[in-house]
Each structure stands twice: as C-alpha cells, then as structure tokens.
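Secondary and tertiary structure notes
Spelled out, the chains give:
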Amino acid sequence: VTHALLVTLEHAGIFIFAMTGALVAARLGLDIFGLVVLALITGLGGGVTRDIILGIHPPAAFDNWGYLLAATAAAVLVFFQSGRVGRRERPILLLDAVGLSLFCVTGAIAGVDAGLGVLPSSLLGLVTAVGGGTMRDVLSNRVPVIFQGDLYALPALLGAILAAVIATQGWPPVLLCGASATCLVWRLAAIHRGWSAPSAPGAAAPGD
Amino acid sequence: VTHALLVTLEHAGIFIFAMTGALVAARLGLDIFGLVVLALITGLGGGVTRDIILGIHPPAAFDNWGYLLAATAAAVLVFFQSGRVGRRERPILLLDAVGLSLFCVTGAIAGVDAGLGVLPSSLLGLVTAVGGGTMRDVLSNRVPVIFQGDLYALPALLGAILAAVIATQGWPPVLLCGASATCLVWRLAAIHRGWSAPSAPGAAAPGD
Amino acid sequence: VTHALLVTLEHAGIFIFAMTGALVAARLGLDIFGLVVLALITGLGGGVTRDIILGIHPPAAFDNWGYLLAATAAAVLVFFQSGRVGRRERPILLLDAVGLSLFCVTGAIAGVDAGLGVLPSSLLGLVTAVGGGTMRDVLSNRVPVIFQGDLYALPALLGAILAAVIATQGWPPVLLCGASATCLVWRLAAIHRGWSAPSAPGAAAPGD
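Since we're looking at a predicted model, the values are computed, not measured.

Rules behind the numbers
Residues numbered from 1 in each chain as written. Chains lettered and ligands numbered in written order. Predicted model: local features only at pLDDT ≥ 70, side-chain atom pairs only at ≥ 80, totals over all residues. Heavy atoms only, no water. Least-squares fit on C-alpha atoms with pLDDT ≥ 70 in both. Contact = heavy atoms within 4.5 Å. Axes fitted to C-alpha atoms, helices over the stretch in contact; angles between N-to-C directions. Helix = DSSP H or I, 4+ residues; strand = E, 2+ residues; numbered from the N terminus. Parallel < 35°, antiparallel > 145°, perpendicular 65-115°, else oblique. Left-handed = near helix turned anticlockwise from the far one by under 90°. Nonpolar A, V, L, I, M, F, W, Y, C, P; charged D, E, K, R; others polar. Buried area = accessible area lost by both parts, 1.4 Å probe. Polar contact = N/O pair within 3.5 Å; in protein donor to acceptor, adjacent residues only side chain to side chain. Phe/Tyr/Trp six-rings, centres within 6.5 Å; stacked < 30°, edge-to-face > 60°. Buried < 20%, exposed > 50% of the residue type's maximum accessible area, 1.4 Å probe, protein only. Core = buried A, V, L, I, M, F, W, Y, C linked by side-chain atoms within 4.5 Å. Salt bridge = Lys/Arg side-chain N within 4 Å of Asp/Glu carboxyl O.

Now for the relation of the copies chain A and chain C. In screw terms, the move from chain A to chain C is a rotation of 120 degrees and a rise of 0.0 Å along the axis, fitting with an RMSD of 0.0 Å. The superposition operator between the copies reduces to a three-fold rotation axis. The fraction of interface residues of chain A whose copies in chain C are also interface residues is only 12%, indicating that the copies meet through different surfaces.

Okay, here's the thing in structure tokens:
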C-alpha cells in the first residue's frame, strides 16, 4: 500500500511541477521544444537531485517511462491549453504549491527508505521539493520562488519532518496525506493572505 | 578501437565546448582567469554531470591531465585569437553544435558501458551534451541555448538514441560517427535556415 | 589533532560563507526565511557538492546538526546586525575571501582522505571553495564572483594544491594554516589593490 501510494504521489508531483515549467516557458514565449525541456527539468529535477544525493545510479527519472510520460503529458497539455490559461502568474504559484506539498513527502520517505534518520530525511524532502522549481526559475531568469517573500521553504520543511516522523515510527501511511496537506494549506494560506516575514533592518526594499 | 575513438571524441568535445565558454567570456569582457574558469566549466561540466549520475567517483575530469589540458588549451587559443574572432555570436553557436554532436554520442556510450539500457543511456547522452553549455549560459546570464527557439535538444536526443542503439547492438563503432553527424547536420540546418518550432498559443512573444 | 583542526576549519568556513549569503539576501531585501535559505545554500553548498563528487551519501551537511547550526547562527546574526553592516559590498567580498581560504583547504584534505591523488584533491578543493559562493551569486542573479575580474579562482587553487601536498606528504597539519593563509593573503591583496588580469583583445569592456 505504501509503495503504491508513494508512486502515485510521485507521478502526481512530476505532472504538476512539469505543468509549472511549461507555463513559465509559455510566458517566456518559448517554442514547443523549449517548453518540453523546461517542463522535464522542472518535473524531474527535484527527484534527480534526491537520487544523486542518495547515491542511486542512475536516478529513477532516467530509467522510468512513467516519469518521462507524466512530465511530457503535462507539457503537451499546457501547450494546447495555454490560450486559456494565458500569461497569468497565479496558476503557476498554485500548482507549484501542490507540487511542493507532494515532493516534500516523497523526498522524505525516500530518505527513510534508504536508512537515513529523521533529520537528513527531512532535509532531503526539502531539497526534493524545492529543487525542480529552483532549476526552473534559475534557467528562466526568474527570482527563485524560494526567495519570493511568502513563506515557501518552511511549509515544505514541516511537511517533510512530519512525513519522516510518520515513516520512522511506522504510523499508518495514510497519515502521509495529512503531512502533505499541512504543507499545502500553509503554503496556500501564505499565497492567499500575502503572509510574509520581516526583512532585515536597514536592508533594501524588494526590487530596489 | 572503440575506446580510442571515444577518447578522441571526448577530447575533441571538451576542446570545442571550452572554446565556446572562452568566446562567451571574451564577449563579456572577462579577464584571462575568468575566461579560463568559464572555459573549464563549459568543457568539463557535461562530463562531470554524467559521471556524477553514473556514480563514478571522482569524475574523470578531476583525475585526467588530458581533459584539463584540452580545456585550458582551448581557452588560451581563444584568448590570443579573440581579436580576430571578435564579438560575434555565430561562431559560438556553430562550435556549440559541434560539441553537442560529439557529447551526445560519448555520453550515451558511457551509459551503455556502465550497463544501462537504451532509454537511460540516451537521456544520459542528452544531459552530457547540454550540461556544459547550460552551465555556461546560466553563469554568464545568457538565455540558455536549450531554450533559444531553434531546434537544440531534439537533435542531441536523436544522436544519443542512435549511439545507444549502435553500442547496445554491437554494431561497428564507426557508425557512431554517423550518429554524431546526424545530430550535427540537423542542428546546423536548424541554425542556418532559422528553423524553429511553434510557440504556445496565447503566449508572450520572445523577448516580450 | 588533524581531525579536530579540520572540523574547526569546516565549521568556521560554513559560518563565514553563510554570513555572505545572508548579507547578499539582506541587500536584496529578502525576508528572514529567504535570508536563512540563501545563507544555508551558500554555507553548505560547497561541501555538499564535494561530498556528492566523492560519493559520500548522504552529504555530511544533511546529517550534522553542527553544520546546520553554524549556518543558521550566521544568518540570525546577520539579520539582527544588518542595520549596522548596511548595504555595502565590501564586507561580503572580505568574508567571502576568508571562506574561500578555509574551504580550499578542507576540500583538498577531504580528497586526500578519500584516497585521491594531489591533482584531483586540488581540483576538489577548488570546487569546494567556489561552489557555495557561485550558487549564492547565480540564485541572487549577481555576476558570479569567480568572474569578477580580481583574482579569485587562482588563490583558491594554490591553497588547495599546498594543502593536498602537505596532507599527501604527511607534513605537520599546522602547515595547513599556512596554505589557508597563502590563499587569503593573495585574495585580500587582489581585492585591496584592485589587481586584475588582462582581458582578451578585441573583447567587450566589462558591463558592456
């Protein structure tokens, strides 16, 4: 059951993150191939980083038609629907939040499955969750979403810690959905209410 | 014979990609040391990424005077000849196409030699081919060449698939030159004719 | 003694590099969480890259409260003192030079300890030293410090070579401080005197 659950969450996360990459590519006016490339990097980048850190050779994304198809399908879907979605930033942020909440859990579980403790597993979940989106933003010359002022890394870290504890303690796998939901609700609330955190005194204003 | 051929292609690819890094550095007005650094990263970045993915510790570039010399020689050559080459973008694109067609083959063969199947070997060839150039473009704040509208990733993927099939089937190594040439001709034609692919409907125009 | 010395240098390097990340974040006007994220990436990025290259799974930074605390403490210190430090670039450069001189030594020693020769250990020291700062600059869209015209990579490479030779020859560990100091003095002199190296003839002027 756990394995099937994880595989489902992993595919869903890849699909969602790949959509954000394709939407960013569409905003940049990239052609279909640039769009697919950015979708693949965004969807698969976090998991590849996780597998490299765990010493899994080759990373799962290199040997898994399902992962490749999920990312490519997301890119094709966005390509043909981008007339509807248009250029707006908000769908990107919302989908990114969903991907974040899925990958912080699957990344942390991968760590626990590899025999790591709660601390390294949680950090691995965090890196998995923010990796693909950070690559997307660096490659497309956007301000990386991890810096965008709203709470981003902290909800992912909390979701990862919860997932690592659940897996380490052997609690029911269904609780992992709760860990994911906790991250998602916190992140969506941060986006919705514009919750933000204080800047360093004396610092420049954003965009300064 | 295969090994000698591969080593030759690898050195040629490092030399060529390092030249593109040095040319970009010259356009940016970097001094000789910045130029050498960018040449080394561009020439060796794809192969280091490949070796990390394959779990080869340390990556070959760290323990191979020949690789370092090839990249450094390219940087020195460009430094003293940049008065002739000048600031033009086209030589960078053409050399990059040659490097791309060499590395998609050597990367795919490295995967097959490590026991990977055709799919992961092909993707490894793609990552090896686009890795160094992407690092070059991100570090120098250029639009990554993988997004530049002309066909780029697709010829590299085709070359890598052909090379992986040839190596897996045990066909004569000389055919690898055909795989490389296929990638090169397609990529050069895309540059020459300005072949490009459709953008997503409703998307912003490039540079918008 | 060597081990205690190395652990001390490593923590000091993480603390110092994390301060540079936090100072850059404060200049960008990032909030406290973005600032902590950039501090962690800058302080831990070089060592994580080193461990991935060496095949150490998971990287030490993922399983070491001390490393995490050192980086977080640096971020908190900068956050509350940034009113004093202000927006100036110079403290970032000076601290970065200190971190560079510490990490080129610890990176090279880690290579020797893993059984690598002098050449790969030296390159590993260079990558460790410049890795975190390069990630910081790419993520915050600054010109990467490795390109900034003053001598940067060369002092780090010299420090790493000296450290690798000292460790390989079994000379007294205290000499490692000399290797670090050599890098630091050279780098500080380059900053102070504005030492720079020639650009390629015919190249664009910096900022052109």
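For the rest of this paragraph, the subject is the packing of helix 2 (residues 32–54) of chain A against helix 5 (residues 118–139) of chain A. Residue and element names in this part refer to chain A. Put simply, helix 2 and helix 5 touch, their axes get as near as 8 Å, and they point 140 degrees apart. With respect to helix 5, the axis of helix 2 lies oblique. Relative to helix 5, helix 2 is oriented so that their crossing is right-handed. Only Leu124, Val127, Thr128, Gly131, Gly132, Gly133, Met135, Arg136 and Leu139 of helix 5 make contact with helix 2, whose side of the interface consists of Leu38, Ile41, Thr42, Gly45, Gly46, Gly47, Thr49, Arg50, Ile53 and Leu54. Class assignment for the residues of the contact of helix 2 with helix 5 results in eight nonpolar, nine polar and two charged.

The next point concerns the interface of chain A and chain B. With 30 residues of chain A at the contact, the number on the chain B side is 33 residues. The junction of chain A with chain B conceals about 2500 Å² of combined surface from both sides, 71% of it contributed by carbon and sulfur atoms. Considering only the surface of chain A that becomes buried against chain B, A:Asp31, A:Phe62 and A:Leu139 emerge as the three largest contributors, covering 25% of it. Counting the contacts that link chain A with chain B gives two residue pairs in polar contact (both at pLDDT 80 or more). For the side of chain A that touches chain B, the secondary-structure elements that each account for two or more residues are helix 1 (2–28), helix 2, helix 3 (65–85) and helix 5 of chain A. A total of eight residues in the side of chain A that touches chain B trace back to one element, the largest contributor, which is helix 2 of chain A. When its residues are assigned to classes, the side of chain A that touches chain B shows 19 nonpolar, seven polar and four charged.

Our focus in this paragraph is the relation of the copies chain A and chain B. In the superposition of chain A on chain B (RMSD 0.0 Å, axial shift 0.0 Å), the rotation amounts to 120 degrees. By residue overlap, the copies meet through two different surfaces: only 13% of the interface positions of chain A are interface positions in chain B.

Residue and element names in this part refer to chain B. Enumeration over the complete set of coordinates arrives at six aromatic pairs over all chains. Note on Phe17 and Phe103: the rings are 5.3 Å apart at their centroids and 45 degrees apart in plane angle, and the pair reads as tilted. Linking Phe17 in helix 1 (residues 2–28) with Phe103 in helix 4 (residues 90–113), this pair joins segments that are 86 residues apart in sequence. A relative accessible area of 1% means that Phe17 is categorised as buried. A residue is classified by how much of its surface remains accessible, and Phe103, at 2% relative accessible area, is buried.

Moving on: the interface of chain A and chain C. Between chain A and chain C, the contact holds 33 residues from the first and 30 residues from the second. Between chain A and chain C the total buried area reaches about 2500 Å² when both faces are included, carbon and sulfur atoms providing 71% of it. Our count for the chain A to chain C interface comes out at two residue pairs in polar contact (both at pLDDT 80 or more). Every element with two or more residues in the side of chain A that touches chain C is listed here: helix 2, helix 5 and helix 6 (153–169) of chain A. Of the residues forming the side of chain A that touches chain C, the biggest block, seven residues, is contributed by helix 5 of chain A. Class assignment of the residues belonging to the side of chain A that touches chain C gives a composition of 24 nonpolar, seven polar and two charged.

Counting residues in each nonpolar core, the largest one holds 208 residues, and the members touching the most others are A:Val105, B:Val105 and C:Val105. Residues within four places of A:Val105 in sequence aside, it is in contact with A:Leu9, A:Gly159, A:Ala163, A:Leu176, A:Ala179 and A:Ser180.

Okay, unusual backbone geometry next. All names here are of chain A. Residue Pro58 is reached from His57 by a cis peptide bond, and omega for that bond is -10 degrees. Here Pro58 is to be found in the loop between helix 2 and helix 3. Phi angles above zero are rare outside glycine, and Asn141 is one such case at about 60 degrees. Mapped onto the fold, Asn141 is located in the loop between helix 5 and helix 6. Judged by its relative accessible area of 46%, Asn141 falls in the partly exposed class.

All names here are of chain B. Relative to the helices and strands, Arg187 resides in helix 7 (residues 175–193). For Arg187, a relative accessible area of 1% corresponds to the buried category. Setting aside anything within four residues of it in sequence, one finds Arg187 in contact with Leu93, Ala97, Leu100, Val145, Asp150, Leu151, Tyr152 and Pro155.

Residue and element names in this part refer to chain B. Where helix 4 contacts helix 6 (residues 153–169), the two axes come as close as 8 Å, and the packing angle between them is 40 degrees. Looking at the two axes, helix 4 sits oblique to helix 6. Crossing handedness for the pair helix 4 and helix 6: right-handed. Residues Leu100, Cys104, Val105, Ala108, Ile109 and Val112 of helix 4 touch helix 6, and the partners they reach there are Ala156, Gly159, Ala160, Ala163, Ala164, Ala167 and Thr168. Counted by class, the contact of helix 4 with helix 6 contains 11 nonpolar, two polar and no charged residues.

A few words on the side chain of A:Thr128. Residue and element names in this part refer to chain A. Here Thr128 is to be found in helix 5. One polar contact links the side chain of Thr128 to the main-chain carbonyl oxygen of Leu124, over a distance of 2.7 Å. For Thr128, the contacting residues outside a window of four places in its chain are Gly46, Gly47, Arg50, Phe103 and Gly107.

If you walk through the whole model with that rule in mind, you get 21 salt bridges over all chains. In this structure, B:Arg50 engages B:Asp51 in a salt bridge whose closest nitrogen and oxygen atoms are separated by 3.2 Å. In terms of burial, B:Arg50 and B:Asp51 fall into one category: buried. Of the charged contacts in the structure, one is a salt bridge between B:Asp137 and B:Arg136, with a shortest N-O distance of 3.0 Å. Through salt bridges that share partners, A:Arg27, A:Glu89, A:Asp96, A:Arg136, A:Asp137 and A:Arg142 make up one connected network.

Moving on: the environment of B:Gly194. Residue and element names in this part refer to chain B. Note that Gly194 resides in the segment after helix 7. Among the residues examined, Gly194 registers a relative accessible area of 41% and is labelled partly exposed. Sequence separation of Gly194 and Asp150 is 44 residues, and the distance between their C-alpha atoms is 6.6 Å. Not counting chain neighbours up to four residues away, the residues in contact with Gly194 comprise Asp150 and Ala189.

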